[in-house]
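# A closer look at the structure
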Amino acid sequence: METHMPDFAVPSSHPTLNGRKTAKSARDSFSAYNSKYLTVPQNRTSWHRSGTNGALEASVVSYRSSIINNYVEGTQTRARDKASPSGLYFRDSKRKVDYVLAYHYRKRLARHVPGATSPEPRRGFASVALVSNGSTGKGRAEPQQQQQQQQDDGQRALQEWPGLPGLEVVELSPLDTLEEEKRLQREEYERNLLEAGLEIEKDPENKSQGVSFVRIHAPWQVLSREAELLKIKMPTKKMYEITEEKGILKTLNEIWCKLTEPLQPQVPQQENTKMKTLSYPFSREKIYLYNIKDEDTFFDNATRSRIVREILKRTFTKARNSMGIGTLLANNVYDAAYPLHDGEYEGQNEDMNERKLLYQEWARYGVFYKFQPIDLIRKYFGEKIGLYFAWLGLYTEFLIPSSVVGIIVFLYGCLTIESDIPSKEMCDQRNAFTMCPLCDKFCDYWNLSSACATAQASHLFDNPATVFFSIFMALWATTFLEQWKRLQMRLSYFWDLTGLEEEEEHPRPEYETKLLQKKLKNKNITTESSNENEKEKLTWSDRMPGYAANFGLILFMIMLAFSAVFGVIVYRITTAAALSFSTNETTRSNVRVTVTATAVIINLVVVLILDEIYGAVAKWLTEIEIPKTEKTFEERLILKAFLLKFVNSYASIFYVAFFKGRFVGRPGRYVYVFEGYRMEECAPGGCLMELCIQLSIIMLGKQLIQNNLFEIGIPKLKKLFRKLKDERTEVKEMDTNQSKDPQQWDLDYILEPFTGLTPEYMEMIIQFGFVTLFVASFPLAPVFALLNNIIEVRLDAKKFVTELRRPDTVREKDIGIWYNILSGIGKLSVIINAFVIAVTSDFIPRLMYQYAYSQNGTMHGFINHTLSYFNVSQLKAGTQPENSLFAQEVSFCRFKDYREPPWSPHQYEFSKQYWAVLSARLAFVILFQNLVMFLSVLVDWMIPDIPKDISEQIKKEKTVLVDFFLKEEHEKLKLIESFIAHDKQKRRSGTKSRRTRAASFSQCHRSPKGSFTSFSSQHTVV
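Owing to the predicted nature of the structure, the values given are computational and were not obtained by experimental measurement.

Another point: the overall build of the protein chain. Along its length, the protein chain carries 31 helices and 18 strands. Across the 1022 residues of the protein chain, 48% fall into the buried class. A separation threshold of at least 6 residues defines the contact pool for the protein chain, and within that pool the share at least 24 residues apart is 81%. Carbon together with sulfur atoms contributes 57% to the accessible area of the protein chain, which is approximately 53,300 Å² in total.

Okay, here's the thing in structure tokens:
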């Protein structure tokens, strides 16, 4: 493929180009013609126009030889493959590939201009390139006339240039026009990269279409310059001793290290762990401070790629006003931009690299029992990803004690079933509690003893130990967050993140595009008297349409989640009524189980579908807000996605916990929906059992399907689809490179691009909500979360090492907004668990009965106390059971509520017990909330955010740094003084030697009279 400059070029000796006016008219003549036609040069020499005075001048451009330092062809390719089998270097096997740009190319399908004759190309002469500007003339009133006008202009332009040699006129299709524009943008961008000091190697484009790669290398001069600009901390020559813990803590730490030695990953460790290298922001003026043994290895691969990425971000092109690599990727000028992995992670090659080491010791399910090599993860992927895996590892470790306590609480429920008096009373068939029908007309009276199994199952989770477990989990969440802050500070110290300044971020391409549109619009409507020096930016009025759309659509999506919950409620009500009409006795007896199980499964499917929709909607809503920087974009996206997914995941659980069975009414005055269906009631044992079923199925379903199957299956399907697409679009041609093995950039290009950590954090945050928010109803939630996370750590690790392209390294000193979300969930969990215990469970009614209404202080008679009487003769006409098969005549039926009996003057009104229990429930919520909050604040106060040893080490490091600087400056001063003294001494010795030579020389010259004439007497000043 030939490379041409975007400007029109002709020889300056052309007779018609003697003045600026002539040149301008010539360019105007071509302006319409070049929107559809292209003149293809017949040789590689290009001519360009000077941009200073507008005159066209001849200038041979050696752009191809400069931009393609290494143009790989034929035997050179095979030589490079032999010299550099790993594919991590240029063909000289010396310069390392720090970054790769990939793009699809498509060669022109040339068509001659209708009615135009192309002159025969003449070899040896300069040629001209006219490039389409992308204008297709769409939207004009008379396109045929315009097309004819373009052809006439083109013919006239060619007639005005009669002596121009080597021109071949071809017609460009719209697709060719777009490809030509992209090619010019790539050439300009790569030329600007060369001006920035980078070195480039490109592949030959020897197919009609395909994928080509631009490999980038940053030499030492560029790395040192950019490291100084970015203030990257690099190791100096100084090492200092880390103060160790003393006393019992040191002994315990040594014992722990010995016990966990088999669990440690087999990765290279620092030889002397008691010493730490002093780091300081890189400075070329103080280069003598740093421990530079080899310029090629001083900056590791992650740092090199980070530096190159910064250059790519700020390098711009004038074409279409692209502001860096982000805009070019958005406009499909390049398909991908990524750093290379360190080689293959498995295979016959015995050479060990960091990627293979991570795969063997971290990214396999067989090493699930080992600790994570956090330092190696940070070194390979950067601080941001390292912090994520450190947080995930700490969270998984903290799930172990909560799982143990949860199992103990569950076992306590199992062991106390037989001694639970309310369950015994409910299961005792001698207690003839005749219950009111569960539906109108088709449902019969029933005995409470038939719900024995439900009551016993409810006791597994509704027992006094649940209250203790709720308090424990609230304190657990606080302790976890405090411990994370301590670990985060420790990692910041060892990773040299302390004092990390906020780097100035580049604006997002979408923001720059919107700002450019605003500037062009204002330029047309503002006057010259306007203040041009004022820096333009997007104001709230520019973003108002986006904010309005955000508010409206988020509200709509929340209502959609509530509508889905309401739809499931309607399904439960109608299905229960339909199954009650069945003539099959087994079907009628299992109505509640059937409805509950199917409804939960339907709700799970709806949650999974809406989750995917909400993720896409949140991203789109954030984009139309036009945030300025990537950090702002990420934070707003996280907030929107979390809000929508939180509502979607927990809406049905909130309904079961706090609303189901609260608005049923009473016999004779039930609440109906759709004029015929009664609102659903809780099971005889209470709604806590149904809440447990709902929570467990949604939690386990999301973990199994969304977090595991989707994470494994979707990337593989995307990879397969992309591979099939490339094979389908590529024309099967003979390629000189087909015989060679694929290089590392080819292998990495096939991988899935890294899209950020938001999905990884989001699924763990939602799980954290399941573990803490409703843990009073499901004490086994931490156990299932622990089992999931053991798999999740290795699944994410394998995805990052084997399935994804290597991410750009990002330096972050914390996990950002995710910590605030975790803290908010921890505080919200206290309130929700208080209401679950007080409102959903029977803990408060049992407590009130035992200490306020029981005659002997026991739970005997509790079931009878919670059931009210209803006179069946007062049932509405048409709602009485038809063809009742009940064994005995029924005068009164029972229903669960605190209401006055039929023989009371205020029949069926709420009784005094109802108001007493309600007051006790509210008092418990207030007491529980304040107690747990106080304990949480106490734990927060007792655990310092910064470990004491780290605080002392940070202070020590500052002192050592000052001393090191003073010492180095002192030595530098002494060295300078020694040089000066040596130079003075050398000068003195030189002067003395010259005087001695002059004196000896004067003795050799006598006067004719026999006297000596002193040479030095004539030249007294030496």
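Let us keep going from here.
With that settled, the discussion passes to the state of the cysteines. Using the criterion set out here, one finds 4 disulfides in the structure. Each sulfur in the disulfide pair Cys-427 and Cys-452 lies 1.9 Å from the other. Every disulfide takes its handedness from the sign of the S-S torsion; for Cys-427 and Cys-452 that torsion is 90°, giving right-handed. Placement of Cys-427 in helix α14 (residues 421-427) and of Cys-452 in helix α15 (residues 452-461) is noted, with a sequence separation of 25 residues between them. At a sulfur-sulfur separation of 1.4 Å, the disulfide partner of Cys-682 is Cys-687. Sign of the S-S torsion, about -75° for the bond between Cys-682 and Cys-687, identifies this disulfide as left-handed. A residue is classified by how much of its surface remains accessible, and Cys-682, at 22% relative accessible area, is partly exposed. Should the bonded cysteines of the protein chain be numbered as they appear in the sequence, the pairing reads 1-5, 2-8, 3-4, 6-7.

Another aspect to go through is helix α26 (residues 817-840). Spanning 24 residues, α26 covers 32 Å between terminal C-alpha atoms, matching the ideal 34 Å at 1.5 Å per step. By the criterion of burial, α26 is predominantly enclosed, with 17 of the 24 residues buried.

Let us look at the pairing of strand β17 (residues 867-871). Buried residues dominate β17, accounting for 4 of its 5 residues. As judged from the 5 bridges shared by β17 and strand β18 (residues 892-896), these two strands associate in the antiparallel manner. The residue bridging Ser-868 from the neighbouring strand is Phe-895, located in β18.

In this section: helix α27 (residues 843-853). For α27, the full list of buried residues reads Phe-843, Ile-844, Pro-845, Arg-846, Met-848 and Tyr-849. Packing partners of the buried residues in α27 comprise α14, α15, α16 (464-494), α26, α28 (862-866) and α29 (912-942).

Among the secondary structure elements, Gln-488 is positioned in helix α16. Within the structure, the side chain of Gln-488 is placed 3.3 Å from the backbone nitrogen of Ile-815, a separation counted as a polar contact. In contact with Gln-488, other than residues within four places in its own chain, are Lys-813, Asp-814 and Ile-815.

Further remarks concern the packing of aromatic side chains. A full pass over the atoms with the stated rule returns 55 aromatic pairs. Centre to centre, the rings of Tyr-380 and Phe-381 are 4.8 Å apart; their planes meet at 80°, and the pair counts as edge-to-face. As far as the burial class goes, Tyr-380 and Phe-381 line up, both buried. On the numbers, 5.3 Å between centres and 50° between planes, the contact of Tyr-869 with Trp-903 is tilted. Of this pair, Tyr-869 sits in strand β17 while Trp-903 sits in the loop between β18 and α29, and the two are 34 residues apart along the sequence. The exposure class of Tyr-869 is partly exposed, given its relative accessible area of 30%. What makes Trp-903 exposed here is its relative accessible area of 56%.

Before going further, it helps to examine the pattern of salt bridges. The full count for this structure, using the stated rule, is 36 salt bridges. Here Arg-314 and Glu-226 are joined by a salt bridge, their closest N and O atoms 2.4 Å apart. Here the residue Arg-314 occupies a position in helix α9 (residues 301-314), and Glu-226 occupies one in helix α6 (residues 220-230), the gap between them amounting to 88 residues. Arg-314 sits in the partly exposed class, given a relative accessible area of 38%.

Judged by nonpolar contacts, the single largest core of 123 residues is most densely connected at Trp-362, Phe-381, Trp-391, Tyr-395, Trp-476, Phe-774 and Ile-815. Ranked by residue count, the leading element in this core is helix α21 (residues 630-658), at 15 residues. Dropping the residues within four chain positions of it, Tyr-395 is found in contact with Trp-476, Phe-480, Met-764, Gln-767, Phe-768, Val-771 and Asn-789. Counting 41 residues, the second largest nonpolar core, distinct from the first, contains Leu-198, Leu-328, Ile-954 and Phe-964.

Moving on: the environment of Phe-924. Locating Phe-924 in the fold gives a position in helix α29. The buried category is assigned to Phe-924, whose relative accessible area is 14%. On a C-alpha basis, the gap between Phe-924 and Ile-837 in space is 8.8 Å, while along the polypeptide they are 87 residues apart. With residues near it in sequence (within four places) discarded, Phe-924 still touches Val-467, Ala-834, Ile-837, Ala-838, Phe-843 and Ile-844.

The angle between the axes and the distance between the axes are what describe a pair of packed helices. As a packed pair, helix α24 (residues 758-772) and α26 sit with axes 9 Å apart at the nearest point and diverge in direction by 20°. Considering the angle they form, α24 stands roughly parallel to α26. Crossing of α24 against α26: the hand is right-handed. Side by side, α24 and α26 meet where Thr-758, Tyr-761, Met-762, Ile-765, Phe-768, Gly-769 and Thr-772 of the first sit next to Trp-818, Ile-821, Leu-822, Ile-825, Gly-826, Ser-829 and Asn-833 of the second.

Where α21 contacts α26, the two axes come as close as 13 Å, and the packing angle between them is 10°. Taken as axis vectors, α21 and α26 run roughly parallel relative to one another. Mapping the contact onto sequence places Glu-635, Ile-638, Leu-639, Phe-642, Phe-646, Phe-654, Ala-657 and Phe-658 in α21 and Ile-817, Trp-818, Ile-821, Ile-825, Leu-828, Ile-832, Phe-835, Val-836 and Thr-840 in α26. Class assignment of the residues belonging to the contact of α21 with α26 gives a composition of 15 nonpolar, 1 polar and 1 charged.

Another point: the side chain of Arg-304. Relative to the helices and strands, Arg-304 resides in helix α9. Within the structure, Arg-304 has its side chain in polar contact with the backbone oxygen of Asp-296 (distance 3.5 Å). Among all residues touching Arg-304, those that are not within four sequence positions of it are Lys-96, Asp-98, His-217, Ala-218, Leu-223, Glu-295, Asp-296 and Phe-299.

Looking now at a nonpolar patch on the surface. Where nonpolar side chains cluster on the molecular surface, the patch consists of Tyr-365, Phe-368, Tyr-369, Ile-712, Leu-787, Ile-790 and Ile-791 and spans about 630 Å² of accessible area. Among the elements that make up the nonpolar patch, the one with the highest residue count is helix α25 (residues 781-803) (3 residues). The residue Ile-712 is located in helix α22 (residues 688-729) in this model. Assessed through its relative accessible area of 37%, Ile-712 is described here as partly exposed.

The next thing to look at is unusual backbone geometry. Its identity is not glycine, yet Asn-332 carries a phi of approximately 65°, on the positive side. Topologically, Asn-332 is positioned in the loop between α10 (325-330) and β10 (336-338). The class for Asn-332 is partly exposed, based on a relative accessible area of 46%. A positive phi is found at Ile-626, a non-glycine position, where the angle reads about 55°. Its location among the elements puts Ile-626 in the loop between α20 (591-625) and α21. Taking the relative accessible area as the measure of exposure, Ile-626 reaches 11% and is therefore buried.

For the protein chain, the average pLDDT comes to 77, and 77% of its residues sit at 70 or higher. Low pLDDT (under 50) marks residues 734-739, which in the prediction has 6 contacts with non-local residues, meaning those over four places away or in another chain. Here residues 999-1022 is modelled with pLDDT under 50, and outside its nearest four sequence neighbours on either side it reaches 15 contacts, counting other chains as well.

For Met-699, the location among the structural elements is in helix α22. When the C-alpha positions of Met-699 and Gly-769 are compared, they lie 10.0 Å apart, and in sequence the two are 70 residues distant.

Another aspect to go through is the environment of Met-435. Here Met-435 lies in strand β11 (residues 434-435). For the pair Met-435 and Trp-446, spaced 11 residues apart in sequence, the C-alpha separation works out to 5.3 Å.

Rules used throughout
- Residues numbered from 1 in each chain as written.
- Predicted model: local features only at pLDDT ≥ 70, side-chain atom pairs only at ≥ 80, totals over all residues.
- Heavy atoms only, no water.
- Helix = DSSP H or I, 4+ residues; strand = E, 2+ residues; numbered from the N terminus.
- Buried < 20%, exposed > 50% of the residue type's maximum accessible area, 1.4 Å probe, protein only.
- Contact = heavy atoms within 4.5 Å.
- Areas by Shrake-Rupley, 256 points an atom, 1.4 Å probe, with all protein chains shown as cover.
- Disulfide = S-S within 2.5 Å.
- Expected span 1.5 Å × (residues − 1).
- Pairing = 2+ DSSP bridges.
- Polar contact = N/O pair within 3.5 Å; in protein donor to acceptor, adjacent residues only side chain to side chain.
- Phe/Tyr/Trp six-rings, centres within 6.5 Å; stacked < 30°, edge-to-face > 60°.
- Salt bridge = Lys/Arg side-chain N within 4 Å of Asp/Glu carboxyl O.
- Core = buried A, V, L, I, M, F, W, Y, C linked by side-chain atoms within 4.5 Å.
- Axes fitted to C-alpha atoms, helices over the stretch in contact; angles between N-to-C directions.
- Parallel < 35°, antiparallel > 145°, perpendicular 65-115°, else oblique.
- Left-handed = near helix turned anticlockwise from the far one by under 90°.
- Nonpolar A, V, L, I, M, F, W, Y, C, P; charged D, E, K, R; others polar.
- Patch = residues over 30% accessible without salt bridge, like charges linked within 9 Å, V, L, I, M, F, W, Y side chains within 5 Å.
- pLDDT = per-residue confidence, 0-100.

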